[in-house]
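If you want the building blocks of each chain, they are given just below.
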Amino acid sequence: MDSSLFSLASGTFIGGAAGYLGSLMLSRRMALVAGPLGHLTLPGIALALVWGFDVSLGAFPFVILGVVLIWLLEMKTRLPMEALTALVFASGVAIAFLFLPIGQAEGALVGDISKAGLPDTVLSVAASLAIMVAVRRAYPKLVLGNISEELAAAEGIDVRRYDLLYLFLIAVIVALGVKIVGGLLTAALVAIPPSAARNVSRNIRQYTLGATAIGVTSAVAGIVLFRLTGFPAGPLIVLVSAAIFLLTLPFARRR
Amino acid sequence: MAHDDEPVLQVSDLEVTLEGRVVLTDLSFTVRRGEILTILGPNGAGKTVLLRALLGTVPHQGTITWKKGTRIGYVPQRLPYIRNIPLSVADFFALKKGAGPDVGGMLRTVGLGAELSKNRIGDLSSGQFQRVLIAWALAGDPEVLLFDEPTTGVDIGGEETVYALLARLHRERNLTMLIVTHDLAVVHRLSSTVLCLNRQPICQGPPISTLTPENLRRLYGPEVKFYEHRHP
């Protein structure tokens, strides 16, 4: 198998899992958190590129650090999420550019899927499947927790435990996402497919299936376009999903 | 209505501090089975915080003891995030464990049509939405209903008001209810006991003997005018 098939396999699964998980993040206006978390991974990506190991593995410790920071800071300070994420965002980018060779900056910022190999593809597919299974199992509880902590508590759901699971899943998807779209564009992977799906859905089944399908379609189309045009895959994936969003816009309801 | 003597809920010396401000202090009360307790107070009195403390979602000092195994239904005042996802009414009920598949039946209990189950939550009127929330809370067959600020029921020809609905539910199911409100009519029409709250308890007891002009003045401040509610 050549790297095209590997990159397609990674893209399909990561794009689908990101869209599916993103459908939950949209409900609590959390989707944009993936952006700053992505930026925070830049130092990890930089280390991976310099030392030549998988960027997702490099990104993972940084994104976990970011999640823990956001979780702790939000609980301790109750600062608005935007302020926290701006802080995290700037620090991530700043540290990365202290030591990232400028020639490798593009791969870190917008991703580089062209060199996908068997081991990292297997890792991406397995981790994406694990996210989808975990999200599917916890979906009702996570949705309820997102809608209202009190409603969830009245149902006997341990809200803090599920919050932590939720943040952990976000961390994993961001670490995977940086592989295909880089550190700058991860928010798009989780935010755009569910936003497009929401425009055309009447119920939650259509919404989650739609978000997953649009995530997969964007990733596959972006990677195919990359093979045809030579433009980097990450930006193409994001632009395809943005185009799909625009197509769904006429169907959006006002409310 | 006979009350069992065993308390469903016992609160003693409750204190809640949020962001360094004491929002509730020195609060103790007991709720028995079948009782309707209204919690009356001005805006910012800590009424919603009290409900959240009872549900365990805000840190507190003092003790809150629910009778073991008590099933609680909670009707929130609003759910700002729910319109962000395309949930149908049936989807919303599917999130509740023990709700069962008969969404239409649950909607009929609160005076809504079964056909509403396919509608998107975001497309409901605020009156329909409040009834859906009540039906949702009732779906798990709770023993206790916590209700945050029922919107003042407007009588539309032939429709049961939310108060009448609550009174009927209380009659039919012997539900224990804690209702947060700033509406004196709700207190008088529904409750067996009222707890007047303004960060600390101001008065407590049966509405008729408790809601004296003097106590209401202490609760709302001297500038507020009100009239005494008299039963025929």
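Residues numbered from 1 in each chain as written. Chains lettered and ligands numbered in written order. Predicted model: local features only at pLDDT ≥ 70, side-chain atom pairs only at ≥ 80, totals over all residues.

A.B. asks: For this particular structure, what's the right way to read the overall build of chain A?
C.D. replies: Looking only at helices and strands, chain A has twelve helices and zero strands in total. Reading chain A from its N terminus to its C terminus gives the helix and strand order α-α-α-α-α-α-α-α-α-α-α-α. In summary, chain A has a C-alpha radius of gyration of 17 Å against a globular reference of 18 Å for 255 residues, a match within 12%. Along the first, second and third principal axes, the C-alpha atoms of chain A reach 50 × 40 × 30 Å. When burial is assessed residue by residue, chain A has 54% of its 255 residues classed as buried. Pairs at least 24 residues apart make up 76% of the contacts formed inside chain A by residues separated by at least 6 positions. (Helix = DSSP H or I, 4+ residues; strand = E, 2+ residues; numbered from the N terminus. Rg over C-alpha atoms; globule rule 2.2 N^0.38 Å. Buried ≥ 20, exposed ≤ 12 C-beta atoms within 10 Å, placed from the backbone. Contact = placed C-beta atoms within 7 Å.)

A.B. asks: I would appreciate a short explanation of the overall build of chain B in the present structure.
C.D. replies: When its secondary structure is counted, chain B shows eight helices and nine strands. For chain B, the residues scored as buried account for 38% of the 232 residues in total. Expressed as a percentage of contacts within chain B between residues at least 6 apart in sequence, the contacts between residues at least 24 apart total 68%.

A.B. asks: Is there a simple way to think about the nonpolar core in this case?
C.D. replies: Buried together is how nonpolar side chains tend to be arranged in soluble globular proteins. Grouped together as the largest cluster of nonpolar side chains are 145 residues, with contacts concentrated most on Leu-21, Val-63, Ile-170 and Ile-173 of chain A together with Leu-146 of chain B. Residue contributions to this core peak at 14 residues, all from helix 9 (residues 159-181) of chain A. For this core, the two domains that each supply at least three residues are domain 1 (1-70 + 143-155 + 168-232) and domain 2 (78-142) of chain B. Apart from the residues within four sequence positions on either side, Leu-21 of chain A is in contact with Ile-131, Val-135, Leu-169, Ile-170, Ile-173 and Val-190 of chain A. (Core = buried A, V, L, I, M, F, W, Y, C linked by C-beta atoms within 7 Å. Domains from an automatic or database assignment.)

A.B. asks: Just to check I follow, could you spell out the sheet that holds strand 8 (residues 193-198) of chain B for this structure?
C.D. replies: What holds strands together in a sheet is hydrogen bonding between their backbones, with the strands either parallel or antiparallel. Residues and elements named next belong to chain B. Pairing within the open sheet is mixed, and its six strands lie in the order 5-6-7-3-8-9. Strands at the two margins of the open sheet, each flanked by one partner only, are strand 5 (72-75) and strand 9 (200-205). Neighbour to neighbour, the strand axes of the sheet diverge by 15 degrees on average, direction disregarded. Both strand 5 and strand 6 (residues 144-148) contribute to a ladder of four bridges, which runs parallel. (Pairing = 2+ DSSP bridges. Axes fitted to C-alpha atoms, helices over the stretch in contact; angles between N-to-C directions.)

A.B. asks: I tried to follow unusual backbone geometry on my own but got confused; where do I start?
C.D. replies: The general pattern is negative phi for most residues beyond glycine and trans for most peptide bonds. Residues and elements named next belong to chain B. Of note in this structure, Asn-174 is not a glycine but carries a positive phi near 50 degrees. Checked against the element boundaries, Asn-174 lands in the loop between helix 5 (162-173) and strand 7 (176-181). Residues other than glycine seldom take positive phi values, yet Arg-199 does so here, at roughly 70 degrees. Tracing the chain through its elements places Arg-199 in the loop between strand 8 and strand 9.

A.B. asks: Help me understand the domain arrangement of chain B in this model?
C.D. replies: Where interface size is quoted, it is often the accessible area lost as the parts come together. Residue and element names in this part refer to chain B. One can read the domain layout of chain B as domain 1 (1-70 + 143-155 + 168-232) and domain 2 (78-142). Centre-to-centre separation of domain 1 and domain 2, based on C-alpha positions: 26 Å. Across the boundary between the two partners, domain 1 contributes four residues, which contact four residues of domain 2. Each residue belonging to the side of domain 1 that touches domain 2 can be placed in one class, and the counts come to two nonpolar, one polar and one charged. (Nonpolar A, V, L, I, M, F, W, Y, C, P; charged D, E, K, R; others polar.)

A.B. asks: Looking at this structure, how should I read the confidence of the model for chain B?
C.D. replies: If pLDDT is low for a region, its predicted coordinates should not be looked at in detail. Predicted confidence across chain B gives a mean pLDDT of 86, with 90% of residues reaching 70 or more. For this predicted complex, the interface score ipTM comes out at 0.83, alongside a pTM of 0.84. (pLDDT = per-residue confidence, 0-100.)

A.B. asks: Can you walk me through the sheet that holds strand 2 (residues 21-32) of chain B in this structure?
C.D. replies: Residues and elements named next belong to chain B. In spatial order, the strands read 2-1-4; together these three strands make up an open sheet with antiparallel pairing. The sheet is open, and its two edges are formed by strand 2 and strand 4 (61-66), each paired on a single side. Averaged over all pairs of adjacent strands, the angle between strand axes in this sheet comes to 15 degrees, irrespective of strand direction. Here eight bridges tie strand 1 (residues 7-18) to strand 2, and the two strands are oriented antiparallel to one another. Looking at strand 2, one finds that Leu-14 is bridged to Leu-27.

A.B. asks: Help me understand the interface of chain A and chain B, please; the structure alone is not making it clear to me.
C.D. replies: Contact with chain A, which involves 24 residues of that partner, is made by 26 residues of chain B. Among the elements of the structure, helix 7 (118-147), helix 8 (149-154) and helix 11 (204-229) of chain A are those that each provide at least two residues to the side of chain A that touches chain B. Partitioning the side of chain A that touches chain B into residue classes produces eleven nonpolar, five polar and eight charged.

A.B. asks: I would appreciate a short explanation of the environment of Gln-206 of chain A in the present structure.
C.D. replies: Relative to the helices and strands, Gln-206 of chain A resides in helix 11. Sequence separation between Gln-206 of chain A and Leu-129 of chain A is 77 residues; the distance between their C-alpha atoms is 20 Å.

A.B. asks: For this particular structure, what's the right way to read helix 4 (residues 126-139) of chain B?
C.D. replies: Each α-helix turn comprises 3.6 residues. Residues three or four places apart therefore point the same way. Residue and element names in this part refer to chain B. Spanning 14 residues, helix 4 covers 20 Å between terminal C-alpha atoms, matching the ideal 20 Å at 1.5 Å per step. Turning to helix 4, the residues buried within the fold contact strand 5, helix 2 (89-94), helix 3 (103-109), strand 6 and helix 5. Count one or two residues on from helix 4 and you reach Asp-141, which has phi positive near 50 degrees. (Expected span 1.5 Å × (residues − 1).)

A.B. asks: What is the right way to look at the packing of helix 1 (residues 3-25) of chain A against helix 11 of chain A in this model?
C.D. replies: For any two helices packed against each other, one specifies the inter-axial angle together with the distance between the axes. All names here are of chain A. For the pair helix 1 and helix 11, the least separation of the axes is 7 Å and the interaxial angle reads 150 degrees. Between helix 1 and helix 11, the interaxial angle falls into the category roughly antiparallel. Considering only the axes of helix 1 and helix 11, their crossing is right-handed. (Parallel < 35°, antiparallel > 145°, perpendicular 65-115°, else oblique. Left-handed = near helix turned anticlockwise from the far one by under 90°.)

A.B. asks: Would you take a moment to explain helix 1 (residues 47-55) of chain B for this structure?
C.D. replies: Residues and elements named next belong to chain B. When you tally the buried positions in helix 1, you get seven out of nine residues, the bulk of the element. Within helix 1, burial applies to Lys-47, Leu-50, Leu-51, Arg-52, Ala-53, Leu-54 and Leu-55. Immediately downstream of helix 1, the backbone of Gly-56 shows phi near 85 degrees, a positive value.

A.B. asks: Got a minute to help me understand the environment of Leu-24 of chain A in this structure?
C.D. replies: Residues and elements named next belong to chain A. Summarising the element assignment, Leu-24 is placed in helix 1. Linking Leu-24 and Thr-208, residues 184 residues apart in sequence, is a C-alpha distance of 8.8 Å. Contact partners of Leu-24, with chain neighbours within four places excluded, come to Val-135, Leu-142, Val-143 and Asn-146.

A.B. asks: How should the pairing of strand 4 of chain B be read in this particular structure?
C.D. replies: Look at any regular strand and the pattern is simple: side chains alternate between the two faces of the sheet. Residue and element names in this part refer to chain B. For strand 4, the buried fraction is low: zero of the six residues fall into the buried class. Across five bridges, the pairing between strand 1 and strand 4 is antiparallel. Residue Leu-9 lies in a different strand from strand 4, and its bridge partner there is Trp-66.

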